[in-house]
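# Architecture at a glance
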Amino acid sequence: MRPASGGGTGRGALSGMVALGAALVLAAGFTGAACAAQPGPVIRSVRVVRPDQVRLVLSSPLAGTDPGNFRFTETAAPDVPIEIRTVRVEGTEVVLGMAQSLDPAGDYRLEVREPPLERRVRPSRWALLLTVVLSAALINNFVFTRYLGLCIFFGVSKKRDTAVGMGATFTFVMVATGTLSWMLHQFVLKPLQLQFLQVLVFIGVVAFLVQLLDTVLKKTHRALHERFGIYLVLITTNCIILAVPLLNAAADAGPLESFALALGSGAGFAFALFLMSCARERLELARVPSSFEGLPIAFALAGLFALAFMGFSGLDFLR
Amino acid sequence: MSAPVLEPRPPSARELILNGIFAENPVFRLALSLCPAVAVTTTVMNGLVLGVAVLLVQVLSSLTVALARGRIHPRIRIPVYTLIIAVWVSAIDMLLSGFVPALYAQVGLYVKLIVAFAIIISRLEVFASRQPLVPSFYDALGMGLGFLLALVSIGAMRELLGNGSLVGVPLVASKPLLFFALPAGGFFSITLLMALFNIIERRVESRRRLAAGAAR
């Protein structure tokens, strides 16, 4: 068994090396041809390495390295160059520092004056997804910094089990409504110029989906329905579920962004619920002044969490 | 009406309104619709605008439901109520954005979110769907006023402490406790006001009991 498998990997490695060698030869041929056709450096790749930094990899070192030699514009606004603050050269790599953070959803164009080169630049989609999710979940946590969904938040955060169940149900329904209402907004309301019906349509989507989920779960997953059914009913009267489609519509977000916002805010809500339920379980044992019993002390607790969450605003690179 | 002796006396307009403001204050007692109560109350004006919007939506949708209460099938009443509220919210939303655009820019999202406020739909379900037009109107008015007063009082407290001003008029040269204008400050303001509300209510209650004892 062993020798056979060893032979297998050996053969795999061998064929891999052959392929690599061929690729190298080919690549060398291509670059050689490129060099022959057009002397001077060629842009190999351009990447947004940080929101305000772009790294440029060239085939050979660049002569002009002052900021005036580069021009960076948004494709939508080609006449307004984005100011370049610093240029750092590391061999064949050039790192440009921008005066402003680039929009992760944006589309940019980088031009070099001498020698004349240009390349389209798009920040990575994954970076965008991660940025929106983290920012919705932590920096702009819906509960602690935007104060959405407070009724449910204080209602179901008494016990940890319920909090976890509610958080999971919520995240799921939020992603579903977020996606569906994005489609409706983008493909129905916007082309027909019916944006003033937003509220009506979005609440309809929420009510419809909740009802659908309730019915389907009841028929197919009895146990799941018994556990999560009551939360489903609560969802319709929660502002957080409606806020996501409204925010997306206001920002005219793309499909990925709106999905990420729904996911991030759902996760942020679940996280907040979990934290709060842990703290409130311990609060049961504490001695609270009688006029602060119940909700007032829960609010104070939420205030402390909100203070702690303010610390996340230091995650500036995500903005 | 045929047997007025057997029916309990219907609550008067004054009782209904005061019930909404004190005994069942939506924010401090029922703890419903808290999201805007924390979010927009950094100034009195914001609280006032949202409070008025909620008051209007509550009254208008209560009236609509009270008028149509025999015609809504009970199985689909919740979606129907939601749609009625959504219609009125859209109308108020457009009115506000047309007439007070500067204030609307700050509270806009929350005006739209009135649709999902539990207080409005719960009043429709508990009161307006079972009562005739006039009591429904007073109940809605009381609830709306209770909400409005709660928002304005939280707004006043936060504006005074956080900005040293009231309704935009600076009273103190400095910003005494900027903390209260911050997000976290909203939660603490509500904590303090709720506790205050509890204390006052307990005082009133014990005094009433004492008075009742003395009368006996």
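Our structure's up above, just so we're on the same page.
Described in the following lines is the structure provided in the data block.

Parameters and conventions
Residues numbered from 1 in each chain as written. Chains lettered and ligands numbered in written order. Predicted model: local features only at pLDDT ≥ 70, side-chain atom pairs only at ≥ 80, totals over all residues. Helix = DSSP H or I, 4+ residues; strand = E, 2+ residues; numbered from the N terminus. Contact = placed C-beta atoms within 7 Å. Buried ≥ 20, exposed ≤ 12 C-beta atoms within 10 Å, placed from the backbone. Nonpolar A, V, L, I, M, F, W, Y, C, P; charged D, E, K, R; others polar. Expected span 1.5 Å × (residues − 1). Axes fitted to C-alpha atoms, helices over the stretch in contact; angles between N-to-C directions. Parallel < 35°, antiparallel > 145°, perpendicular 65-115°, else oblique. Left-handed = near helix turned anticlockwise from the far one by under 90°. Core = buried A, V, L, I, M, F, W, Y, C linked by C-beta atoms within 7 Å. Pairing = 2+ DSSP bridges.

## Comments concerning the overall build of chain A
Within chain A one finds nine helices and eight strands. Within chain A, contacts between residues separated by at least 24 positions form 69% of all contacts whose residues are at least 6 apart in sequence.

## Comments concerning the overall build of chain B
A count of helical and extended segments in chain B gives eight helices and two strands. Start at the N end of chain B and walk to the C end: the helices and strands fall as α-α-α-α-α-α-α-β-β-α. For chain B, the proportion of its 216 residues judged to be buried stands at 46%. For chain B, long-range pairs separated by at least 24 residues make up 74% of all intrachain contacts whose partners lie at least 6 apart in sequence.

## Section: the interface of chain B and chain A
Of the residues lining the interface, 34 residues belong to chain B; the matching set on chain A comes to 32 residues. The set of elements that each furnish at least two residues to the side of chain B that touches chain A consists of α2 (34-39), α4 (77-99), α5 (101-112), α6 (118-128) and α8 (183-215) of chain B. With 11 residues, α8 of chain B is the single largest residue contributor to the side of chain B that touches chain A. Partitioning the side of chain B that touches chain A into residue classes produces 26 nonpolar, six polar and two charged.

## Details of helix α7 (residues 133-163) of chain B
End to end, α7 of chain B covers 43 Å across 31 residues, agreeing with the expected 45 Å (1.5 Å per residue, within 8%). Positive phi appears at G164 of chain B, one or two residues downstream of α7 of chain B, with a value of about 70°.

## A few points about the packing of α6 of chain B against α7 of chain B
Residue and element names in this part refer to chain B. Contact pair α6 / α7: the axes reach a minimum separation of 11 Å and the direction vectors enclose 155°. As the angle between them shows, α6 and α7 are arranged roughly antiparallel. Here α6 runs over α7; the crossing is right-handed. Counting all contacts with α6, which are made through I119, R123, F127 and A128, the residues of α7 involved are S136, D139, A140, M143 and F147.

## A few points about the nonpolar core
Of all hydrophobic cores here, the largest spans 124 residues; its most connected members are L242 of chain A together with I85, I114 and V115 of chain B. When near neighbours in sequence (up to four residues on either side) are disregarded, I114 of chain B contacts A53, V54, V57, V89 and I120 of chain B. Counting 13 residues, the second largest nonpolar core, distinct from the first, contains L56, V94, Y108 and L110 of chain A.

## A short note on the pairing of strand β4 (residues 77-81) of chain A
All names here are of chain A. With zero of five residues buried, β4 is to be regarded as a mostly surface element. The pairing of strand β3 (residues 70-74) with β4 spans two bridges and is antiparallel. Following the sheet pairing, T73 is matched in β4 by P81. Between β3 and β4, which pair antiparallel one after the other, the connecting turn spans two residues.

## So, the sheet that holds strand β1 (residues 43-50) of chain A
Residues and elements named next belong to chain A. The strand order across the open sheet built from four strands is β1-β2-β6-β5, with neighbouring strands paired in antiparallel fashion. Edge strands, defined here as strands with exactly one partner in the open sheet, are β1 and β5 (84-90). Across this sheet, the average inter-strand angle for adjacent strands is 20°, counted without regard to direction. Where β5 meets strand β6 (residues 93-98), six bridges bridge the pair, whose relative direction is antiparallel. Each bridged residue has a counterpart across the sheet, and for R88 the counterpart in β6 is V95.

## Here's the deal with the sheet that holds β3 of chain A
All names here are of chain A. Pairing is antiparallel in the open sheet, where four strands are placed in the order β4-β3-β7-β8. Whereas interior strands pair on both sides, the edge strands pair on one side only; in this sheet they are β4 and β8 (117-121). Averaged over all pairs of adjacent strands, the angle between their axes in this sheet comes to 30°, without regard to strand direction.

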